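Results of the structural survey
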Amino acid sequence: MKVTGLNIHPLKSGRAVPQTVVTVNVDGLAGDRRFMVVEPDGHFITQRELQALAQVEAAHIDGGLHLKMNGSEFTVRFDAERRLNVRVWSSDVDAAVADDAANDVLSGWFGRAGKLVHMDEQAERYVGAEWAGVAAPVGFADGFPILITTTGSLADLNRTLIEKGQEPVGMERFRTNILIDCDEPWEEDWWESLEIGGITFDLVKPCARCIMTTQDQVTGERIGGNPIQGLAEKRMSADRRVAGVLFGWNAVPRGEGTLKLGDEVNVVRRRSERWQMKLRAAN
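Only a predicted model underlies this, so the values are computations on that prediction, with no experimental measurement involved. Here the residue numbering is sequential within each chain, running from 1 through the sequence in written order. Two thresholds apply to this predicted model, a pLDDT of at least 70 for residue-level local features and 80 or more for giving and counting side-chain atom pairs, whereas whole-chain, interface and lining totals are computed over all residues. Heavy atoms throughout the structure, all of them, feed into the side-chain values; hydrogens and water do not.

A closer look at helix α1 (residues 100–110)
Within α1, burial applies to Ala102, Asn103, Leu106, Ser107, Trp109 and Phe110. Summarising the axial view, the buried residues of α1 lie within an arc of 155°, below the 170-degree limit, and thus occupy one face. What points out from α1, more than 90 degrees from its buried face, is the exposed set Ala101, Asp104 and Gly108. Structurally, α1 contributes buried residues whose contacts are with β5 (35–38), β7 (64–69), β8 (72–77), β10 (91–97) and β11 (115–118). The buried label applies to any residue whose accessible area, calculated with a 1.4 Å probe on protein chains only, is under 20% of its type's maximum; exposed applies above 50%, and partly exposed to all values in between. Per the convention used, a helix needs a DSSP run of H or I reaching at least four residues, while a strand needs a run of E reaching at least two, with both numbered from the N terminus. Regarding the arc, it is the one traced by the directions from the helix axis to the C-beta atoms. Should any heavy atoms of two residues lie within 4.5 Å, those residues are considered in contact.

Laid out in structure tokens, this is it:
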């Protein structure tokens, strides 16, 4: 098996940026989900409630971020002394916040008040001790530092969608970090630990999928095939700890280094039991 895709998402819920080489830190891929749009009170905003975020292209620059959307663009840099307490699910983070001028531009793009924040060197967030053994450092990702998916599982999902008379979907719908070329669908359910590029990755929790997978990752529109309906056929979790339909695995890197496209993927440890799925009732 080999790495066939690497992606970072500089702005949480913004467009993915494909990579050929990435740096792996203990808190995830360098540059991944280090910036985020929040409500004026600091609560995080994603494509779930603001679909237009899918239209935003973001590129990290020294000390800040360059943003583009529908022909408009601007650059923002951050003052480490200007800070805002923000909330991502159950995590509170002391983040750097953009100046009022930048936030006004951003608010104008979306037609609603918002602020841009940055997880800089002063900011900290730790999650998932109950799954990872110890709390893992992470940026503004929903749950864990890295998301791993496979080509075989997407192919199987798309076969289901086609059988249901729907259009197939691309992997961009699942906003993965590391895509592995593996022919066997759902084989990742058996993987407990992988080695890639000399780095160990523990697959600690399956990823429950939400309405964002139904959205086009260029326009934000809810069009095309519906992965939720396809996954409901045979990927509905039977374990109440992670409810809903599952696609991909959340992973924690146990070291630092560099990954590149084409790197070999080796299974270090396999699970004795795979994650249980609900059986679909016969028609």
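On we go from here.
Let's talk about the UniProt feature "domain: MOSC" (unreviewed entry) in the protein
In this structure's numbering, the residues bearing the UniProt feature "domain: MOSC" (unreviewed entry) are residues 114–268. From the first C-alpha to the last, residues 114–268 spans 44 Å; its make-up is 14% helix and 32% strand. UniProt positions are given in the numbering used here, feature names are shortened, and annotations may be inferred rather than shown by experiment.

Digging into the sheet that holds strand β2 (residues 17–18)
On the basis of which strands lie adjacent, the open sheet formed by eight strands has the order β2-β1-β15-β14-β18-β17-β16-β20 and mixed pairing. Unpaired on one side and paired on the other, β2 and β20 (265–270) mark the two borders of the sheet. We call two strands paired when DSSP finds no fewer than two bridges between them. Pairing of strand β14 (residues 146–150) with strand β15 (residues 178–181) involves three bridges; the strand directions are parallel. Within β15, the residue paired with Thr149 across the bridge is Leu179. Where helix α3 (residues 151–163) meets the sheet, it contacts β1 (2–8), β14, β15 and β18 (246–253), and its direction lies at approximately 60° from that of β14. For helices, the fitted line uses only the C-alpha atoms of the stretch in contact; every axis is such a line through C-alpha atoms, and the angle between N-to-C directions lies from 0 to 180 degrees.

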